[in-house]
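Coordinate inspection notes
These are the residues of each chain, in order.
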Number of protein chains: 2
Amino acid sequence: MTIYKAPVEDVSFLLNNVFHFDKYNNLPGFADAAPDVRDAIINEAARLSEQVLAPLNAVGDREGCVRHDDGSVTTPKGFKEAYKQIAEGGWLGLSSPPEFGGQGLPVTLTQTVAEFQISANMAFSMYHGLTMGAAAALLVHGNAEQKALYLPKMTAGEWTGTMNLTEPQCGTDLGLLRTKAVKQADGSYKITGTKIFISAGEHDLSENIIHLVLARIEGAPAGIKGVSLFVVPKILVNADGSLGARNGVMCGSIEHKMGIHGNATCTMNYDDATGWLIGEENKGMQGMFVMMNEARLGVAVQGLAQSEVAYQNAVAYARERLQGRALSGPKATDKPADPIIVHPDVRRVLLTIRAFNEAARALVMWTALKSDVAHRSDDAKERQIADDHLGLMTPVLKGVLTDVGFSNAVLAQQVYGGHGYIAANGMEQFVRDARIAMIYEGANGIQALDLVGRKLPRDGGRAVMAFFAEVGAFAKEHGGDEAMKPFVTPLSTSLSHLQQATTWLMLNAMAAPDNAGAGATDYMQLFGLVACGYMWAKMAKVAQDKIAADGATPYLTTKLVTGRFFAERTLPGTALHLARIQAGSGTVMELPAEAF
Amino acid sequence: MTIYKAPVEDVSFLLNNVFHFDKYNNLPGFADAAPDVRDAIINEAARLSEQVLAPLNAVGDREGCVRHDDGSVTTPKGFKEAYKQIAEGGWLGLSSPPEFGGQGLPVTLTQTVAEFQISANMAFSMYHGLTMGAAAALLVHGNAEQKALYLPKMTAGEWTGTMNLTEPQCGTDLGLLRTKAVKQADGSYKITGTKIFISAGEHDLSENIIHLVLARIEGAPAGIKGVSLFVVPKILVNADGSLGARNGVMCGSIEHKMGIHGNATCTMNYDDATGWLIGEENKGMQGMFVMMNEARLGVAVQGLAQSEVAYQNAVAYARERLQGRALSGPKATDKPADPIIVHPDVRRVLLTIRAFNEAARALVMWTALKSDVAHRSDDAKERQIADDHLGLMTPVLKGVLTDVGFSNAVLAQQVYGGHGYIAANGMEQFVRDARIAMIYEGANGIQALDLVGRKLPRDGGRAVMAFFAEVGAFAKEHGGDEAMKPFVTPLSTSLSHLQQATTWLMLNAMAAPDNAGAGATDYMQLFGLVACGYMWAKMAKVAQDKIAADGATPYLTTKLVTGRFFAERTLPGTALHLARIQAGSGTVMELPAEAF
């Protein structure tokens, strides 16, 4: 019942006109993504998402996954065939190293493809998304043998991957984990314990599943410093790559949950399962962080993607649904009522969503490009600058894009009135699916603490100062341009709020860290608004220049109106966040726990 | 898995100390609700809600309602027995006229009871909630014979009631409705048509269901001016009150929807069903408005109630869940980690919800008292003032309490982390159930338009001016009181924002009504914030006086801290709403529909 059309024109504008993708041709892989190649990739990704994945979204929600008594799990009808197309099309290996069968293309393209796939079918896309995250951790921290054994199959999508962190008593605080690893004479480990909330932990899409598992080696220090990372295949792999015996890991149950029913969320029971250490003993968090950072950007894209598909459906409904007459007088005089898109309040809702989506897409692409530079440049300084950006923006994107993505899905559902509450119309599935993105890969409160407690002070605030400098320089350069004032003036104000908030935190959070905690979420939201405002100002400048050079198009005109809407109605939210941050932790911490 | 404890102490504080319930003893019914009587009622309502209704909330969600081939509908296990207790306990007739078997008590008490019942089980409470709304319409617009025939049974809960407005092609715009009524020789009408989204349209809780149905009499004018209201019993009622033949109305299907699974949302097919006109021909909207206004306040209470129960569960979880250590150093040193309620960001979330709930509860009680005065006072001027308030605040309460109630349920769910996404923990049900309250009885965008387009200009702005005068007078009276400054200073600022917004609308919306439409939702939210801020200032004053007189209690201390939190962090949102309103409709209306 829902529709989806990949935003190819917007992606093309960003890649070519805003971020000048071809300027990066000195980096490995970029030259391989010449305009015709990347157009082909984007168009084919759009086609697959629209025609293969989107039609399975509702059935995935309705059928969900089924666990059988033997611990095996069946995915919804059609998932297996669709997964085969994704794997055989080489989509998992788009950015993977060619030595393991990948195409070595920029992750910037991979994130674009990911947006399309997740809009079309979020629950489905998690199967290969997690595989790519697990492969990334193996690539960075695995040894040569492990890489050779697992990466080609994972890159080809023949085997999928998982991340096993959470246990019943530990989520955020991984130092509490109890799963234990006992070293064996042959250098392997026996892993025993229970992991919960394991996405894609068991399913029927691939012949093997490669679990990356955090566990504690016997005798290791307590807390996070005694945690190690292991690779634990569902089916043991022989040295020649062929499949051997079933390993001691089973899916004990699957969760009945609010959404993403098409993805199996498993309790995984490890019972003397054979695993191999990845990286060094007690340094498991390093490998996990590679996966988590990769995954956090992926989850940010989930927020954007659900917001985008919900928007498209709300627009279609608002154009079709006839109800009431325009306040300024009837418009569709040949019909019994006007389409509800004539109503200012409906348009306000639609523009709120759209203005966020386009800024969020730009933010994802900007950050993905920095990720490419950080990983591929041969210039150490360039790598450092890009890596600073990546570290700073990862929690902002994860937190803000998923918070707003969810609330946008709710707004889009509202456009449908009562019909939005009915399962068959699909809008409520977007809401339920989008909800998880605010929670997993570090709940958004944790993202805010990561931003304020870790990313902000790191290297003497180098990353945030670079961000301020870049946005400030843009505002200075274009502040005198009359046409740019509707974008630059509010951007400057919001940047000033962010700078004041940053100063306040520096002055007040060192001595009393609760001040950082009490303001963290507002700081993250404030940061996100400024970053979106900057993206809008950049996009507006490009659109204005293109119109001046080649004349207006509907796309460019719409871009400018949408950007003005953002500057008028969304960006002014920064003042409220600043006020909340400056309120400090007084009332927040005053009550004893029993008073709540 | 969830808990619920009715907020009896807070209700008592509001009734006795803030609103001085006993001052209204000159009104019919109030003297019957002397302190001991109302305590008994409130405590018994609490007990029933906590012990009978709450345990059925999860099972209602899980089982849902089932329609059988003969059109009959079975409610979830336990609902029938619980409904019997509610009906036999006389809870439907608490405020109904004694002549029809009611107890004639103030609706202020009924709304308090409603909050408890809806917190405990929203889907269940709709069965009797809708009955009370339908009975109210019959009471006001029915003739003597109709009242005698239906009201005693409805008051006793032996028969339930419904509202039949929506059709596939019409929801908000009831002028589009097609259900037709053909007058018969005996004065009755034959009703034919299809109604959708009929809550409690068919079920097994009562022996008869009294449908109130909007339909168009043959030959009536087009649009809303040709709509009449009919009473159409599921089973025809003989003159002596006994049940006769089955009427021509059937449940054609029940909806699969996002939440409130325990309530049957039906498509009702009317096929030459026998109905009787309520009130005058073509004046059906008058009767419907009685039901709708009643229902809108009831839906506002749903927003509060879901926010309250979600809050209570989030608090319980935050006290128990051990994860991480306090930023200021470990607190539970005997445990492997601190309970997460030590974390400022968790407390911020909890206080955000709590500060809203307590203001919302005060707003509901304030408005319910005005409703009692409007309906029971023998002083015409007093009735008019109260009715002005009721008309003004109904859309504000419906829109704001359900918008914020939903977002609070989402916040509470977030406290649970991944466990909040799991069905068995119950938090996601609160979110799904709360979602509908933003939609039905007039989607919240419609509430905003009702406020801005109808309630604001009515009688030359008399109602809103009275509101400004009352809040302004309070601020003036207590503005010099040092202890009250944390409450009064932000209240004065927010009131000034509301007044500026009102002036802006007056100056800009007459000539260009799109300016009203584009700002309506922000105006409603701004109004709600000021109203909540006023409630907080009133409550703070009472709490301070009580502490000065009798010493501090944990309840009163917590009240003041929570109120300060609201003043510091929630109330400052008014500036953002004002900025958005003043942005006008320019960018909102600029794009053609096809550009979205």
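Residues numbered from 1 in each chain as written. Chains lettered and ligands numbered in written order. Predicted model: local features only at pLDDT ≥ 70, side-chain atom pairs only at ≥ 80, totals over all residues. Heavy atoms only, no water.

1. Here we look at the environment of Phe430(A)
Residues and elements named next belong to chain A. The test is simple: A run of DSSP states H or I qualifies as a helix once it reaches four residues; a run of E qualifies as a strand once it reaches two. Both are numbered from the N-terminal end. Whether two residues are in contact is decided by their heavy atoms, any of which lying within 4.5 Å being enough.
Tracing the backbone shows Phe-430 in helix 11 (residues 427–437). In sequence terms Phe-430 and Val-410 are 20 residues apart; their C-alpha atoms lie 8.4 Å from each other. With sequence-adjacent residues up to four places away left out, Phe-430 is seen in contact with Thr-2, Asn-57, Gln-306, Val-309, Ala-310, Asn-313 and Ala-409.

2. Details of the packing of aromatic side chains
All names here are of chain A. To keep it simple, the criterion reads: Note on ring pairs: Phe, Tyr and Trp rings are taken, using the six-membered ring of Trp, and paired if centres are within 6.5 Å. Classes follow the plane angle, with under 30 degrees stacked, over 60 edge-to-face and the rest tilted. Three exposure classes are used, based on accessible area relative to the maximum for each residue type with a 1.4 Å probe and protein chains only: buried under 20%, partly exposed in between, and exposed over 50%.
Under the defined criterion, the tally for this structure stands at 28 aromatic pairs over all chains. Centre to centre, the rings of Phe-467 and Phe-527 are 4.8 Å apart; their planes meet at 40°, and the pair counts as tilted. Residue Phe-467 is found in helix 13 (residues 458–478), and its partner Phe-527 is found in helix 15 (residues 513–550); the two are separated by 60 residues along the sequence. The buried category is assigned to Phe-527, whose relative accessible area is 0%. Connected via pairs of aromatic rings, a cluster forms that spans Trp-366, Phe-467, Phe-468, Phe-474, Tyr-523, Phe-527 and Tyr-534.

3. Details of the UniProt feature "domain: Acyl-CoA oxidase/dehydrogenase middle" (unreviewed entry) in chain A
How we decide: UniProt positions are given in the numbering used here, feature names are shortened, and annotations may be inferred rather than shown by experiment.
Summarizing the sequence annotation, UniProt attributes the feature "domain: Acyl-CoA oxidase/dehydrogenase middle" (unreviewed entry) to residues 163–272 of chain A in the numbering used throughout. The distance separating the terminal C-alpha atoms of residues 163–272 of chain A is 18 Å; by composition the span is 0% helix and 50% strand.

4. Observations regarding the environment of Leu94(A)
All names here are of chain A. Take Leu-94: it is sitting in the loop between helix 4 (79–88) and helix 5 (107–120). A relative accessible area of 2% means that Leu-94 is categorised as buried. When the C-alpha positions of Leu-94 and Val-107 are compared, they lie 7.9 Å apart, and in sequence the two are 13 residues distant. Beyond its immediate chain neighbours, meaning those up to four positions away, Leu-94 contacts Ile-41, Gln-103, Gly-104, Leu-105, Leu-109, Thr-110 and Val-113.

5. Let's talk about the UniProt feature "domain: Acyl-CoA dehydrogenase/oxidase N-terminal" (unreviewed entry) in chain A
Following the UniProt record, one finds the feature "domain: Acyl-CoA dehydrogenase/oxidase N-terminal" (unreviewed entry) at residues 80–158 of chain A. Counting secondary structure, residues 80–158 of chain A comes out at 70% helix and 0% strand; the distance between its end C-alpha atoms is 12 Å.

6. Observations regarding the pattern of salt bridges
Convention followed: For this document, the term salt bridge refers to a Lys or Arg side-chain nitrogen within 4 Å of an Asp or Glu carboxyl oxygen.
Within the structure shown, the criterion is met by 56 salt bridges over all chains. Close ionic contact of Arg361(A) with Glu115(A) constitutes a salt bridge, the shortest N to O distance being 2.8 Å. With Arg361(A) in helix 9 (residues 344–376) and Glu115(A) in helix 5, this residue pair connects regions lying 246 residues apart in the sequence. Accessibility assignment for this pair places Arg361(A) and Glu115(A) in one class, buried. One salt bridge connects Arg454(B) with Asp450(B), and the closest N-O pair in it is separated by 2.9 Å. Here Arg454(B) pairs with Asp450(B), and both are found in helix 12 (residues 444–455), just 4 residues apart, close to one helical turn. Arg454(B) sits in the partly exposed class, given a relative accessible area of 44%.

7. Observations concerning the nonpolar core
Inclusion rule: To form a nonpolar core, buried Ala, Val, Leu, Ile, Met, Phe, Trp, Tyr and Cys residues must be joined to one another through side-chain atoms within 4.5 Å.
Ranked by size, the top nonpolar core spans 413 residues in total, and within it Phe467(A), Tyr523(A), Phe467(B) and Tyr523(B) carry the most contacts. In this structure, Tyr523(A) is in contact with Leu451(A), Val452(A), Leu456(A), Val464(A), Leu498(A), Ala501(A), Thr502(A), Leu505(A) and Ile581(A), ignoring residues within four places of it in sequence.

8. Regarding the interface of chain A and chain B
Think of interface size as the accessible area that goes away when the parts come together; that is how it is often given. For clarity, the threshold we go by: The quantity reported as buried area is the accessible area (1.4 Å probe) lost by two parts once they are put together, taken as the sum for both. Each polar contact in these results corresponds to two N or O atoms within 3.5 Å; when the atoms are within protein, one needs to be able to donate a hydrogen and the other to accept it, and residues that are neighboring in sequence are counted only if both atoms are side-chain atoms. Classification convention: Asp, Glu, Lys, Arg as charged; Ala, Val, Leu, Ile, Met, Phe, Trp, Tyr, Cys, Pro as nonpolar; all other residues, Gly among them, as polar.
Taken together, the contact pairs 85 residues of chain A with 85 residues of chain B. For the pair chain A and chain B, the summed buried surface comes to about 7,500 Å²; carbon and sulfur atoms form 60% of the total. Counting the surface chain A buries against chain B, the share from its top three residues, Tyr421(A), Arg569(A) and Phe596(A), is 13%. In this assembly, chain A and chain B are joined by 2 salt bridges. Here Arg564(B) ties to Glu590(A) by a salt bridge, and the two come within 2.9 Å at their closest N and O atoms. Taken together, the links from chain A to chain B amount to 54 residue pairs in polar contact (both at pLDDT 80 or more). Class assignment for the residues of the side of chain A that touches chain B results in 42 nonpolar, 22 polar and 21 charged.

9. A short note on the pairing of strand 3 (residues 159–164) of chain B
Within strand 3 of chain B, 6 of the 6 residues are buried, which leaves the element mostly enclosed by the surrounding structure. By the alternation rule, side chains of strand 3 of chain B split into Trp159(B), Gly161(B) and Met163(B) and Thr160(B), Thr162(B) and Asn164(B), which are all buried.

10. Remarks on helix 13 (residues 458–478) of chain B
Residues and elements named next belong to chain B. So the rule is basically this: The length a helix should cover is 1.5 Å for every residue beyond the first. The angle between axes fitted to the seven residues ending at a residue and the seven residues starting there is what we call the bend at that residue.
For helix 13, built from 21 residues, the straight-helix expectation of 30 Å at 1.5 Å per residue is met to within 8% by its first-to-last C-alpha distance of 30 Å. At Met-465, helix 13 shows its largest kink, close to 30°. The set of residues buried in helix 13 consists of Gly-461, Ala-463, Val-464, Phe-467, Phe-468, Val-471, Phe-474, Ala-475 and His-478. On its buried face, helix 13 sits against helix 9 (344–376), helix 10 (380–415), helix 14 (485–509) and helix 15 (513–550).

11. Description of the relation of the copies chain A and chain B
Under the convention used in this document: Superposing copies: least-squares fit, C-alpha atoms only, residues required to have pLDDT of at least 70 in both.
Once chain A is rotated about the relating axis by 180° and shifted along it by 0.0 Å, it coincides with chain B to within an RMSD of 0.0 Å. In the structure described here, the two chain copies are related by an operation that fits a two-fold rotation axis. In terms of C-alpha distance to the rotation axis, chain A has Leu576(A) as its closest residue, with the C-alpha 3.6 Å off the axis.

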